Amino acid sequence: MNNIVKRSYKVTGMTCSACGKAAERAVKKIDGVVSQSVNMATEKINIEYDKNKVSFEELQNAVKKAGYNLLEDVSYSKIDFKIGGMTCASCAKAIERAVNKLDGIQSINVNVATEKATISYDSSKLKLTAIRNTIEKAGYKVLEKSTTSKSNNVDEDKLRKEKEMKTLFIKFLVAVGFSIPLFYIAMGPMVPSPIGPWPVPDIINPMTNSLNYALIQIVLVIPVMIAGNKFYTNGFKALINKSPNMDSLVAIGTLAAFLYSLYTTVQMATTNMVAGHEHHQLYYESAGIIIALILLGKYLESRSKGKTSEAIKKLMGLQPKTAIVIKSGKEIEIPIEEVEVGDVIIVKPGSKIPVDGIVIEGHTSVDESMLTGESIPVEKSVGDKVTGASINKNGSIKFKAEKVGADTALSQIIKLVEDAQGKKAPIAKLADTVSGYFVPTVITIAVVTALLWFTVGGKGVEFALTIFISVLVIACPCALGLATPTAIMVGTGKGAENGILIKGGEALELAHKIDTIIFDKTGTITEGKPKVTDIVVTNNIDKDYLLKIAASAEKGSEHPLGEAIVRFGEQKNIGFMKVEKFKAIPGHGIEVTIDNKNVLLGNKKLMDDRKISLGNLSNKSDELAMQGKTPMYIALGNELGGIIAVADVVKESSKRAIDKLHSMGIKVAMVTGDNKKTADAIAKEVGIDIVLAEVLPQDKSNEVKKLQQQGKFVAMVGDGINDAPALAQADIGIAIGSGTDVAMESADIVLMRSDLMDVPTAIKLSKETIKNIKQNLFWAFAYNTVGIPVAAGVLYMFGGTLLNPMLAAAAMSLSSVSVITNALRLKGFRAYK
């Protein structure tokens, strides 16, 4: 019962005792939960559970499905360890088992593909040294990180991986260099050919000098085994720790072949055998070729795995290395790690902006495509915010640093992608469960099968040994362990390239199940900023003159509709007229004097109050309102001069995105606080199926819940601020915008661009990734399902051939490489345009 732990978590969103009961019921359904109780006064839930069966993510998801949020206890600390020496899913399982035994561990997630362990622990009970020692005692190495910056960590990691790859390649060259002559000498005399066996010098001919023939093979195989020494050190250490892994299988198989061959060699020497068939019982070449082939597979695998993390490297490469700060009136160039909040930084034309801040001097245009995807530079002047890694185009500016280091927008994005690549998808649990039992099962099968062939089958030691080695070697579960994490790494990386930040493997996996999407209207389907759409005049008044009057009148107003008219006037370069008197009429509009004329600008109520007739514009006014536009009336003197219609216009991509979602079989709803007439007009324009109008922000999550209660798998798409409760309630929350902190906290997927086409793209990416994972898992399972019986001699029983251990090694290596290569096909993913 040492695995049973009791933890206390914060639950937000509960309003009554019924909520507490709902949260309890949700947790109770999870296999491995022993007891649960909610305290409404403290908003906490106490859960007793088996930490080997239940993860915090499972508890969190269950509570989320019930409509609430589960937060980690503040007393828990989180740490990421980079771990070296892992070779397969069994290694990850071994580390998780070892660390989970420590008192104070809340959760641990080890990812083979990213070589990272994410650990949540009680810092009052447990020290980092104890965790590090436990990992190293299990046979793996905790790699130290630089304390300077993230970019340095990535550089160090890159250098370490390049060094590892170079070492692997050298070891492979040594192994293959000695294995080729070893194979020629061992197998040459037995290879049939038109001109007879391959020639070997008489001094090592097995028919005349069998002892020399054996001794030369020992000389050649020892350097190969030294090159593959990691298989033995790691493999046997894992066996001692009762967590056998892939290295254990290779180590047992090749050492068994070597020791049996060495025994035969000693027999040759002690009995003074000169000729005979004893050379058939030598397996030195099997041990050598197996190690050489597996080292080749490892080298190809490390090269392929390097390509899966390119997204992080590209993001890191965006950040400049230095910044020019002003100290005591002088410009000083310093490393970006030394920039502090409050520093005044100067950025010259063509340079990258080093950190996030606010402009205090100058004017320029900035290319923010790395953040927003928009290729058109954005104008920046005093008071505007600038983002680190964006490019200053044509002006020189000074700005004050507001966010540095890990707090910058780019660092937050990088962390999001890193976390996503490190988190496991639910489908990965299948592979993890199988891998945990796989290696011990394979060793048992190898031993039992060999013994059965030797005893019941009546075969000799040589035959039984061939079976034993073949089963061990072909069954290495590398492909199984790499099937899911590699696909998730490439998938999340590809998403980041397209401005789609996916917060974890679970979000990437579940997005393909979406059958209903709710869009927020303002700022999501629409631009979020009102724009002038129509100018209608009467009494032969010039349109430009009417706009000039209206824009001049609204120049002193702070009303969003008034600001839209002013912006439109500025775009048209109409020039502003002097306003002599200004009076705001709350709820109605404004009254001003311009060019000695009394001007009224406002809604229909203002016109009715002043008894100004709409005349022949009455029908046009109703038509504009039906289209979801807001008519603003302008009266000059006591007569209506015209109407300026303002609306929050639909984004150019909205209609295309909704059409694409319909083609994918997904129903689309829209939720808004606007009146039904405006909502219906927008819905008709873009093709919305369900309209939820006049909904308060706090009620949006209830609308999501209603659809979920109908059995729908719901995604919510919003701006991530006022939509936060609905984003959290949805099965998949998608925040659209510039990746604000609230968006990243509330949503499962963050779309950095304001292009709604990224929504169907995210779903398409999920479908492609899941398809890839299923292909990988199928081939990994199929390979082992077919390979083990063949290696065990099933075909031989029915007159077929016996699998050579060397062919088993080649097949095992190729299986891992093929799984990674298949995952890398996702790099060809194309986003919807």
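Values in this document were obtained by computation on a predicted structure and should not be read as measured data. Each chain has its residues counted from 1, following the order in which its sequence is written. Thresholds applied to this predicted model are a pLDDT of at least 70 for local features of residues and 80 or more for the giving and counting of side-chain atom pairs; totals over whole chains, interfaces and linings are not thresholded and use all residues. Derived side-chain values reflect all non-hydrogen atoms in the structure, with water molecules and hydrogen atoms excluded from consideration.

1. A word on the overall build of the protein
Stage number 1. Numbering of helices and strands starts at the N terminus; helices are DSSP runs of H or I of at least 4 residues and strands are runs of E of at least 2. The helix and strand tally for the protein stands at 29 helices and 30 strands.
Stage number 2. Within the span of the protein, comprising 833 residues, buried residues form 53% of the whole.
Stage number 3. Any two residues whose heavy atoms approach within 4.5 Å are treated as being in contact. A separation threshold of at least 6 residues defines the contact pool for the protein, and within that pool the share at least 24 residues apart is 68%.
Stage number 4. Residue burial considers only the protein chains on display, and all accessible areas are found by Shrake-Rupley using a 1.4 Å probe. Accessible surface computed for the protein: about 37000 Å², of which carbon and sulfur atoms make up 56%. Remark: exposure states derive from per-residue accessible area (1.4 Å probe, protein chains only) relative to the maximum for the residue type, with buried under 20%, exposed over 50%, and partly exposed in between.

2. Some remarks on the nonpolar core
Stage number 1. Counting residues in each nonpolar core, the largest one holds 60 residues, and the members touching the most others are Leu 295, Val 442, Phe 468, Val 471 and Leu 472.
Stage number 2. Listing elements by their share of this core, those giving two or more residues are α5 (150–187), α6 (210–227), α7 (229–240), α8 (246–270), α9 (284–308), α13 (428–455), α14 (461–474) and α27 (758–791).
Stage number 3. Not counting chain neighbours up to four residues away, the residues in contact with Leu 472 comprise Leu 249, Ile 252, Gly 253, Val 442, Ile 443 and Ala 446.
Stage number 4. We define the nonpolar core as a collection of buried residues of types Ala, Val, Leu, Ile, Met, Phe, Trp, Tyr and Cys that are connected through side-chain atoms lying within 4.5 Å of one another. Ranked by size, the runner-up nonpolar core spans 50 residues in total, among them Ala 507, Leu 510, Ile 658 and Ile 763.

3. Quick word on the UniProt feature "transmembrane region" (unreviewed entry) in the protein
Stage number 1. UniProt positions are given in the numbering used here, feature names are shortened, and annotations may be inferred rather than shown by experiment. In this structure's numbering, the residues bearing the UniProt feature "transmembrane region" (unreviewed entry) are residues 168–191, 211–228, 249–270, 282–300, 437–457, 463–484, 777–799 and 805–824.
Stage number 2. For the annotated span residues 437–457, helix accounts for 90% and strand for 0% of the residues, and the straight-line distance between the end C-alpha atoms is 28 Å.
Stage number 3. Annotation note: span residues 777–799, helix share 83%, strand share 0%, distance between end C-alpha atoms 31 Å.

4. Let's talk about the environment of Ala 625
Stage number 1. When you line up the elements, Ala 625 lands in helix α21 (residues 618–626).
Stage number 2. Assessed through its relative accessible area of 21%, Ala 625 is described here as partly exposed.

5. Describing the packing of α8 against α14
Stage number 1. Running from amino to carboxyl end, α8 crosses α14 at an angle of 160°, the nearest separation of the two axes being 8 Å. The angle between the axes of α8 and α14 places the two elements in the roughly antiparallel class. Seen from above, α8 lies across α14 with left-handed handedness. Here α8 contributes Leu 249, Ile 252, Gly 253, Ala 256, Ala 257 and Tyr 260 to the contact with α14, which in turn contributes Val 461, Glu 462, Leu 465, Phe 468, Ile 469 and Leu 472.
Stage number 2. Think of it as three bins: nonpolar holds Ala, Val, Leu, Ile, Met, Phe, Trp, Tyr, Cys and Pro, charged holds Asp, Glu, Lys and Arg, and polar takes everything else, Gly as well. A breakdown of the residues in the contact of α8 with α14 according to their chemical character gives ten nonpolar, one polar and one charged. Lines fitted to the C-alpha atoms define the axes, with helices restricted to the stretch that makes contact. Angles between their N-to-C directions range from 0 to 180 degrees. Here the word oblique covers every angle except those under 35 degrees (roughly parallel), over 145 (roughly antiparallel) and from 65 to 115 (roughly perpendicular). Here is the rule for handedness: rotate from the far helix to the near one, and if that takes an anticlockwise turn smaller than a right angle the crossing is left-handed, while a clockwise turn gives right-handed.

6. Here we look at the pattern of salt bridges
Stage number 1. Each reported salt bridge corresponds to a side-chain nitrogen of Lys or Arg within 4 Å of a carboxyl oxygen of Asp or Glu. Under the definition given, this model contains 16 salt bridges.
Stage number 2. In this structure, the salt-bridge partner of Lys 116 is Asp 80, at a minimum N-O distance of 3.8 Å. Note that Lys 116 is positioned in strand β7 (residues 116–122) and Asp 80 in strand β5 (residues 76–84), a separation of 36 residues in sequence.
Stage number 3. Using a relative accessible area of 29% as the deciding quantity, one classes Asp 80 as partly exposed.
Stage number 4. Salt-bridge contacts for Lys 604 lead to Asp 608; the nearest nitrogen and oxygen are separated by 3.5 Å. Taken together, the residues span about one helical turn, with Lys 604 and Asp 608 both in helix α20 (residues 604–609) at a distance of four residues.
Stage number 5. On the basis of relative accessible area, Asp 608 is assigned to the partly exposed category, the value being 44%.

7. Some words on the pairing of β7
Stage number 1. Among the seven residues that make up β7, seven are buried, leaving the element largely enclosed by the rest of the structure.
Stage number 2. The alternating pattern of β7 places Lys 116, Thr 118, Ser 120 and Asp 122 on one face and Ala 117, Ile 119 and Tyr 121 on the opposite face, and all of these are buried.
Stage number 3. Only strands that DSSP links by at least two bridges are regarded as paired with each other. As paired strands, β5 and β7 are joined by seven bridges and run antiparallel to one another. Bridging across to β7, Tyr 76 finds its partner in Asp 122.

8. A look at the confidence of the model for the protein
Stage number 1. The predictor reports its confidence for every residue as pLDDT, a score running from 0 up to 100. Summary statistics for the protein give a mean pLDDT of 80 and a share of 85% for residues scoring 70 or more.
Stage number 2. In the model, residues 273–279 has pLDDT below 50 throughout and makes 18 contacts with residues more than four positions away in sequence or in other chains.

9. Digging into the sheet that holds strand β24 (residues 630–636)
Stage number 1. What the six strands build is an open sheet, ordered β20-β25-β24-β23-β22-β21; its pairing is antiparallel. The strands lining the two open edges of the sheet, one partner per strand, are β20 (526–537) and β21 (579–585). Direction aside, neighbouring strands of the sheet carry axes that sit 20° apart on average.
Stage number 2. By the bridge criterion, four bridges tie strand β23 (residues 597–602) to β24 in an arrangement that is antiparallel. Note on β24: the bridge partner recorded for Leu 601 is Ile 634.
Stage number 3. Taken strand by strand, helix α19 (residues 560–571) contacts β20, β24 and β25 (639–650), and its axis lies near 70° from that of β20.

10. Describing the packing of aromatic side chains
Stage number 1. Each Phe, Tyr or Trp ring (for Trp, its six-membered ring) is paired with any other whose centre lies within 6.5 Å, and the angle between the two planes then decides the class: stacked below 30 degrees, edge-to-face above 60, tilted in between. One pass over the full model with this rule turns up seven aromatic pairs.
Stage number 2. Ring centres of Phe 169 and Phe 172 lie 6.5 Å apart, and the angle between their planes is 40°; on these two criteria the pair is classed as tilted. Of the two residues, Phe 169 and Phe 172 both sit in helix α5, three residues apart, roughly one turn of that helix.
Stage number 3. Owing to a relative accessible area of 13%, Phe 172 belongs among the buried residues under this scheme.

11. Focus on the side chain of Glu 554
Stage number 1. In this structure, Glu 554 sits in helix α18 (residues 543–554).
Stage number 2. All tallies of charge rest on Lys and Arg as positive and Asp and Glu as negative; His and the ends of each chain are not included. Among buried charged residues, Glu 554 stands out as having no salt bridge; its nearest opposite-charge side chain is Arg 567, 11 Å away.
Stage number 3. Once residues within four sequence positions are removed from consideration, Glu 554 is found in contact with Gly 562, Val 566, Ile 590, Leu 601 and Met 632.

12. Thoughts on helix α2 (residues 56–65)
Stage number 1. Among the residues of α2, those classed as buried are Phe 56, Leu 59, Ala 62, Val 63 and Lys 64.
Stage number 2. Looking one or two residues past α2, Gly 67 carries a phi angle of roughly 105°, positive in sign.

13. Notes on the sheet that holds β5
Stage number 1. Taken together, four strands build an open sheet; the order of strands is β6-β7-β5-β8 and the sheet is antiparallel. For this open sheet the edge positions go to β6 (105–111) and β8 (141–143), each flanked by a neighbour on one side alone. Along the sheet, successive strands turn relative to each other by an average axial angle of 35°, direction set aside.
Stage number 2. In terms of strand pairing, β5 meets β8 through three bridges, oriented antiparallel. Directly across from Gly 84, in β8, lies its bridge partner Lys 141.

14. Some thoughts on the side chain of Asp 356
Stage number 1. Its place among the elements puts Asp 356 in strand β12 (residues 356–362).
Stage number 2. At 5.5 Å, Lys 403 is the nearest oppositely charged side chain to Asp 356, a buried residue that forms no salt bridge.
Stage number 3. Any pair of nitrogen or oxygen atoms within 3.5 Å is treated as a polar contact; in protein, a donor-acceptor pairing is required on top of that, and neighbouring residues in sequence qualify only through side-chain atoms on both sides. Separated by 2.7 Å, the side chain of Asp 356 and the backbone nitrogen of Gly 388 make a polar contact.
Stage number 4. Setting aside chain neighbours within four positions, we find Asp 356 in contact with Val 386, Thr 387, Gly 388, Phe 399, Lys 400, Ala 401, Glu 402, Lys 403, Thr 408 and Ala 409.

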